[in-house]
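Residue-level structure breakdown
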Amino acid sequence: MHYEGNIIRPPSEANSILLQVTVGCSRNKCTFCGTYRGERFRIKTDNIITDDIAFAAQHCRRQRRVFLCDGDALVIPQKRLLKILTQIEGQLPWVTRVGIYANVKSIEMKSPRELSELNAHGLGIAYMGLETGDDITLKAINKGAGAERMISAGRKIRAAGIKLSVTVLLGIAGRNRSRIHASETGRVLTAIDPEYVGALSLMLIPGTPLCNDYAAGKFELIEPNEMLQELRTMIAHTDLSRGQFHANHASNYLPIKARLPKDKESTLGLIDAALAGKISLKPGYLRAL
Ligand code: SF4
């Protein structure tokens, strides 16, 4: 496989065939993110992608899922993306699901019919970074869209039959807006009603604008207990018709795996026990991105 630069994928795609179809991220402006900093976004050539699919057809016969890396591969023009999916369908017939990163802009660029067409050719799940439902924080972190556009984009993915996994970021609003961030994120998650929510805890990446703001005293990093309180408020404000809310990423202080609405009360109870000191939190040195 022809891999270039930093290859990242959602935790749930750990066993997937990682097919890198773009390099970098088409936005690359979020203040907290250092993943593709300095990397110029581009779509890989058809020849390289075709070679990699042929390689996977020979050597990845046990993997049932494909994840299209890097940041925001949904931005690939429809005809080219369809060609990639059709090649996967034809040459890797054992693959049952293709996943992709998507952001608001790339979702808005596709019509509902185009998204349904991608779904019909195997695109089964999209991962969208919401980070927060608080408009002021979304602007501060330069996410490129406000809450209402996030809601429309998320609903559009779901209406096309594509499953949606939404990532939110504990601590991203600093101390002053922590409560608002938590409740507004719950409100937006409820409005989108995705199948999966993944909550990560903010870790500052050296060289990012947010880390520089922290060093300059312009951004306050909240403490583990405050992150947990944020998580509690967020879950309390989140009503999913049938979804999973996970906060079991390596960056988190307390692993949570909840099916909503079923596990809501027991999860809030677990967090309360941790806040009361009855359950110990993961030590900082064990956290990772
Ligand atoms: S957070 Fe996502 S959209 Fe923002 S720069 Fe990083 S990879 Fe790109």
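The paragraphs below set out a description of the structure included in this document. (Residues numbered from 1 in each chain as written. Predicted model: local features only at pLDDT ≥ 70, side-chain atom pairs only at ≥ 80, totals over all residues. Heavy atoms only, no water.)

**Some words on helix α1 (residues 46-59)**
In this model, α1 (14 residues) spans 20 Å end to end at C-alpha, consistent with the 20 Å of a helix rising 1.5 Å per residue. When we look at burial in α1, the residues that qualify are I49, D52, I53, A56 and A57. Down the axis of α1, the buried set is contained in an arc of 145°. They therefore lie on one face. Every exposed residue of α1 that faces more than 90 degrees away from the buried side is listed here: N47, Q58 and H59. Where α1 is buried, its residues meet β1 (17-25) and α2 (78-91). (Helix = DSSP H or I, 4+ residues; strand = E, 2+ residues; numbered from the N terminus. Expected span 1.5 Å × (residues − 1). Buried < 20%, exposed > 50% of the residue type's maximum accessible area, 1.4 Å probe, protein only. Arc of directions from axis to C-beta. Contact = heavy atoms within 4.5 Å.)

**Things to note about the site of the ligand**
As a matter of local geometry, the ligand sits amid C25, N28, K29, C30, F32, C33, Y36 and K143. A breakdown of the residues in the shell around the ligand according to their chemical character gives five nonpolar, one polar and two charged. (Near = heavy atom within 4 Å. Nonpolar A, V, L, I, M, F, W, Y, C, P; charged D, E, K, R; others polar.)

**Quick notes on the nonpolar core**
The biggest cluster of nonpolar side chains holds 68 residues, and the ones touching the most others in it are L68, L74, I88, L92 and L231. Apart from the residues lying within four places of it in its own chain, the contact partners of L231 are L170, A199, F245, A247, I256 and I271. In terms of nonpolar packing, the next biggest core, distinct from the first, is built from eight residues, L169, L202, L210 and F219 among them. (Core = buried A, V, L, I, M, F, W, Y, C linked by side-chain atoms within 4.5 Å.)

**Remarks on the sheet that holds strand β9 (residues 257-260)**
Ordered by their spatial adjacency, nine strands build an open sheet running β2-β1-β3-β4-β5-β6-β7-β8-β9, and the pairing between neighbours is mixed. In this open sheet, the two edge strands, each paired with only one partner strand, are β2 (42-43) and β9. Two strands pair when backbone bridges link them, and strand β3 (residues 65-71) and strand β4 (residues 97-102) are joined in this way by four bridges, in the parallel orientation. If you follow R65 over to β4, its bridge partner there is R97. Sitting on the sheet, α2 touches β1, β2, β3, β4 and β5 (123-131), and the angle it makes with β3 is about 150°. (Pairing = 2+ DSSP bridges. Axes fitted to C-alpha atoms, helices over the stretch in contact; angles between N-to-C directions.)

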